[in-house]
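# A closer look at the structure
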Amino acid sequence: MIKLEIFKEEDFSRLINWVDSEELMYIFSAERFRYPLTHEQLINYTNTKDRIAYKVINKLTNEVIGHADFSKINKLSKNARICSVLIGDKNSRNRGFGEQIINELVSIGFNKMKLHRIDLGVFDFNKSAIKCYEKCGFKIEGLFRENLKYKNNYWSTYNMSILNINK
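Summary of the structure given here.

What counts, and where the lines are drawn
- Residues numbered from 1 in each chain as written.
- Predicted model: local features only at pLDDT ≥ 70, side-chain atom pairs only at ≥ 80, totals over all residues.
- Heavy atoms only, no water.
- Pairing = 2+ DSSP bridges.
- Helix = DSSP H or I, 4+ residues; strand = E, 2+ residues; numbered from the N terminus.
- Buried < 20%, exposed > 50% of the residue type's maximum accessible area, 1.4 Å probe, protein only.
- Polar contact = N/O pair within 3.5 Å; in protein donor to acceptor, adjacent residues only side chain to side chain.
- Contact = heavy atoms within 4.5 Å.

## Concerning the pairing of strand β7 (residues 153-163)
- Examined bridge by bridge, strand β5 (residues 117-123) and β7 share seven bridges and lie antiparallel to one another. Bridging across to β7, Arg117 finds its partner in Leu163.
- Where strand β6 (residues 139-150) lies against β7, eight bridges are found, and the strand directions are antiparallel. Across the sheet, Phe144 pairs through a bridge with Thr157, a residue of β7.

## With respect to unusual backbone geometry
- In the segment running from Tyr35 into Pro36, the intervening peptide bond is cis, with an omega of 0°.
- Inspection of the secondary structure puts Pro36 in the loop between α2 (22-29) and α3 (39-46).
- Positive phi, normally seen in glycine, also occurs at Lys78, with a value near 60°.
- Along the chain, Lys78 turns up in the loop between β3 (63-74) and β4 (79-87).
- Take Lys78: its relative accessible area is 42%, and that puts it in the partly exposed class.
- Phi is positive for Asn94, close to 60°, though the residue is something other than glycine.

## Concerning the side chain of Asp69
- Checked against the element boundaries, Asp69 lands in strand β3.
- Separated by 2.8 Å, the side chains of Asp69 and Ser71 make a polar contact.
- With near-sequence residues (within four places) excluded, Asp69 lies in contact with Arg32, Tyr45, Arg51, Ile52, Ala53, Tyr54, Arg81, Ile82, Cys83 and Ser84.

Structure below.
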């Protein structure tokens, strides 16, 4: 079991330490940040008006194990985008926490924020994340072919979404 709490400045160092390679930075955030991650980048990130960033806490151990956010929150159209999902604690990976994080974000989005639609982007090679999102009810809407460049390679991104059918 997990819980989400607002990501604050006292959480910055932990996230910076988790993101220990340029490739992980890019998988985690695409072009949002530049490696290495810095306090200045995170201050700008947390001060963005259409974003809510969370730290992920394992309820059993009360340890912070990850990070996630809602970005591009559009109150008029009632939609938002899940971004920057990371299980930073390596001992917590492959234990089902990703699915719990996504389900908790969907619950917050639909029940508290009263959103109609939530979407996300995922690199096409990240098969475990795609499977997780599908288990949580997300559907693939399309593929942005070779839309982001990492070093000398172009990576393709699936856009996935879920609609609030219980409103």
